[in-house]
Amino acid sequence: LWFQKLCFSYVFATLLPSLISYFCIGLFTFAWASKTLNALPALAVSILLMLTNSAMILPRLSTPDGVSNLILLFCLFNIYFNKNKYLTCGLLLLSIGFRLDNLVSVLVILTGMKFLPAASARSRINFVEYFGLAALAIGTAYLMNHFLVSDEYWFKNVTYTKTWKEYGMQALLYFRVFTASYFMGLIIFLAIVHFYFPFRWKELPGYMLLLMAAVVIARFVLFPSLEERFMTAYYIAGTLLIAERFSSRAKLATS
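In short, a report on the structure. Everything numeric in this text was worked out from a predicted model, so none of it was measured. (Residues numbered from 1 in each chain as written. Predicted model: local features only at pLDDT ≥ 70, side-chain atom pairs only at ≥ 80, totals over all residues. Heavy atoms only, no water.)

## Topic: the overall build of the protein chain
Along the protein chain, the regular secondary structure elements total 13 helices and zero strands. Each helix (α) and strand (β) of the protein chain, taken in turn from the N terminus, gives the series α-α-α-α-α-α-α-α-α-α-α-α-α. Each of the 255 residues in the protein chain was classed as buried or not, and the buried ones make up 47%. Here the analysis covers contacts within the protein chain between residues at least 6 apart in sequence; of these, 71% occur between residues at least 24 apart. Total accessible area computed for the protein chain in this model is approximately 13,600 Å², and 72% of it derives from carbon and sulfur atoms. (Helix = DSSP H or I, 4+ residues; strand = E, 2+ residues; numbered from the N terminus. Buried < 20%, exposed > 50% of the residue type's maximum accessible area, 1.4 Å probe, protein only. Contact = heavy atoms within 4.5 Å. Areas by Shrake-Rupley, 256 points an atom, 1.4 Å probe, with all protein chains shown as cover.)

In structure tokens form, the structure reads like this:
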């Protein structure tokens, strides 16, 4: 609506937030990569990540998926680099306003923030903050669903399937699509790097990978459909974590 008031066409006005989000995701990707990799590898990895299908599709959509991924990537960036937890929590709640199903990701990430390793104490939340934020997230999602959808569709049909047979078919389709997705390549990359330079869940990089894996599993249980446009932030963060591990350990091995 704001962009239409600036005299943009309806189609372009709906695409513009996605285009801006894509540009900002690229900036945050490079900002993350440059903190953990040398300049040229950071630039190369950032460009390649922004050219993946899951990222390239975002600026072509008249949906809030680009903004949603931008917010989630920024939150993961804040958690990993031990930034202000209140900004992170506020943005997580805001992400629910762009995609209602982000409630699942938000609850998992908040749980992860409660049990962060000691190295990320600044991003850790206590029990009172955790339960308060979780209640606020659920309340926000419920009120949005209640007032914006007449029959409270999302809470009554959370998996978007009516029978267990449909759910099973969706799950099978998920794994069929999975084999041809970026997700499959990311797991292979992780397996190779982990074999030579094992991750430890008590260390922050390993913990972050577990946290994102928990988000993916929770989303699979509730929404057994592999839509890569919902996964872009996790793909980028996961790739950068694995690339950082490979780069740092390879340097130690050759020094």
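## A short note on the nonpolar core
One finds Trp32, Leu92, Ile109, Leu110, Met113, Phe183 and Met208 to be the most contacted residues of the largest nonpolar core, which totals 67 residues. Top contributing element to this core by residue count: helix 5 (residues 65–80), with 11 residues. Among all residues touching Leu92, those that are not within four sequence positions of it are Leu72, Cys75, Val106, Ile109, Leu110 and Met113. (Core = buried A, V, L, I, M, F, W, Y, C linked by side-chain atoms within 4.5 Å.)

## Quick word on the pattern of salt bridges
Counted under the stated rule, the structure contains seven salt bridges. Across the salt bridge formed by Asp65 and Arg229, the nearest N and O atoms sit 2.3 Å from each other. In this pair, Asp65 sits in helix 5 while Arg229 sits in the loop between helix 12 (204–222) and helix 13 (232–254), placing the two residues 164 residues apart along the sequence. Exposure remark for Asp65: the relative accessible area of 0% places this residue in the buried category. With a shortest N-O distance of 3.0 Å, Asp101 and Arg99 are connected by a salt bridge. (Salt bridge = Lys/Arg side-chain N within 4 Å of Asp/Glu carboxyl O.)

## Looking at the packing of aromatic side chains
Per the stated rule, a full pass over the model turns up 20 aromatic pairs. Where Tyr182 meets Tyr235, the ring centres are 5.1 Å apart and the plane angle is 45°; that geometry is what we call tilted. Taken together, the residues span a long stretch of sequence, with Tyr182 in helix 11 (residues 182–196) and Tyr235 in helix 13 at a distance of 53 residues. Accessibility expressed as a relative area gives 3% for Tyr235, which makes it buried. Look at Phe197 and Phe246: their rings are 6.2 Å apart centre to centre, the planes differ by 65°, and that puts the pair in the edge-to-face class. (Phe/Tyr/Trp six-rings, centres within 6.5 Å; stacked < 30°, edge-to-face > 60°.)

## Here we look at the side chain of Thr232
With respect to the helices and strands, Thr232 occurs in helix 13. A polar atom in the side chain of Thr232 sits 2.8 Å from the backbone oxygen of Ser54. Among residues more than four places away in sequence, those in contact with Thr232 are Ser54, Ala55, Leu58 and Asn69. (Polar contact = N/O pair within 3.5 Å; in protein donor to acceptor, adjacent residues only side chain to side chain.)

## Here we look at the packing of helix 5 against helix 7 (residues 102–114)
Helix 7 packs onto helix 5 with a crossing angle of 5° between their chain directions and a minimal axis gap of 12 Å. Judged by the angle between their axes, helix 5 and helix 7 are roughly parallel. Residues Ser68, Leu72 and Ile79 of helix 5 form the contact with helix 7, whose participating residues are Asn102, Ile109 and Met113. The residue inventory of the contact of helix 5 with helix 7, partitioned by class, reads four nonpolar, two polar and no charged. (Axes fitted to C-alpha atoms, helices over the stretch in contact; angles between N-to-C directions. Parallel < 35°, antiparallel > 145°, perpendicular 65-115°, else oblique. Nonpolar A, V, L, I, M, F, W, Y, C, P; charged D, E, K, R; others polar.)

## Let's talk about helix 8 (residues 127–148)
The end-to-end C-alpha distance of helix 8 is 31 Å, a good match for the 32 Å that 22 residues give at a rise of 1.5 Å each. Every buried residue of helix 8 is accounted for by Glu129, Tyr130, Leu133, Ala134, Ala137, Ala141 and Asn145. Projection of helix 8 onto a plane perpendicular to its axis shows the buried side chains occupying an angular sector of 130°, all on one side. Among the exposed residues of helix 8, those oriented more than 90 degrees off its buried face are Val128, Phe131 and Phe147. Structurally, the start of helix 8 carries an N-cap: the backbone nitrogen of Val128 is 3.2 Å from a side-chain oxygen of Asn126. (Expected span 1.5 Å × (residues − 1). Arc of directions from axis to C-beta.)

## What to know about a nonpolar patch on the surface
Taken together, the side chains of Phe30, Leu43, Ile47 and Leu51 present a nonpolar region at the surface, about 360 Å² in accessible area. Mapped onto the elements of the fold, Phe30 is located in helix 2 (residues 10–36). (Patch = residues over 30% accessible without salt bridge, like charges linked within 9 Å, V, L, I, M, F, W, Y side chains within 5 Å.)

## Overview of the packing of helix 5 against helix 6 (residues 85–98)
Helices that pack against each other are described as a pair by the angle of their axes relative to one another and the distance between those axes. Viewed as axis vectors pointing N to C, helix 5 and helix 6 meet at an angle of 160°, and their least axial separation amounts to 9 Å. The angle between helix 5 and helix 6 places the two elements in the roughly antiparallel class. Crossing angle aside, the handedness with which helix 5 passes helix 6 is left-handed. For the pair formed by helix 5 and helix 6, the contact residues are Val67, Ile71, Leu72, Phe74, Cys75, Asn78 and Ile79 on the first element and Leu87, Thr88, Leu91, Leu92, Leu94, Ser95 and Phe98 on the second. Its residues assigned to classes, the contact of helix 5 with helix 6 shows 11 nonpolar, three polar and no charged. (Left-handed = near helix turned anticlockwise from the far one by under 90°.)

## Let's talk about the environment of Ser54
You can see Ser54 is positioned in helix 4 (residues 53–56). Note on Ser54: relative accessible area 2%, which makes it buried. In this structure, the C-alpha to C-alpha distance between Ser54 and Ile236, residues 182 residues apart in sequence, is 9.6 Å. Ignoring sequence-local partners within four residues, the contact set of Ser54 consists of Glu228, Arg229, Thr232 and Tyr235.

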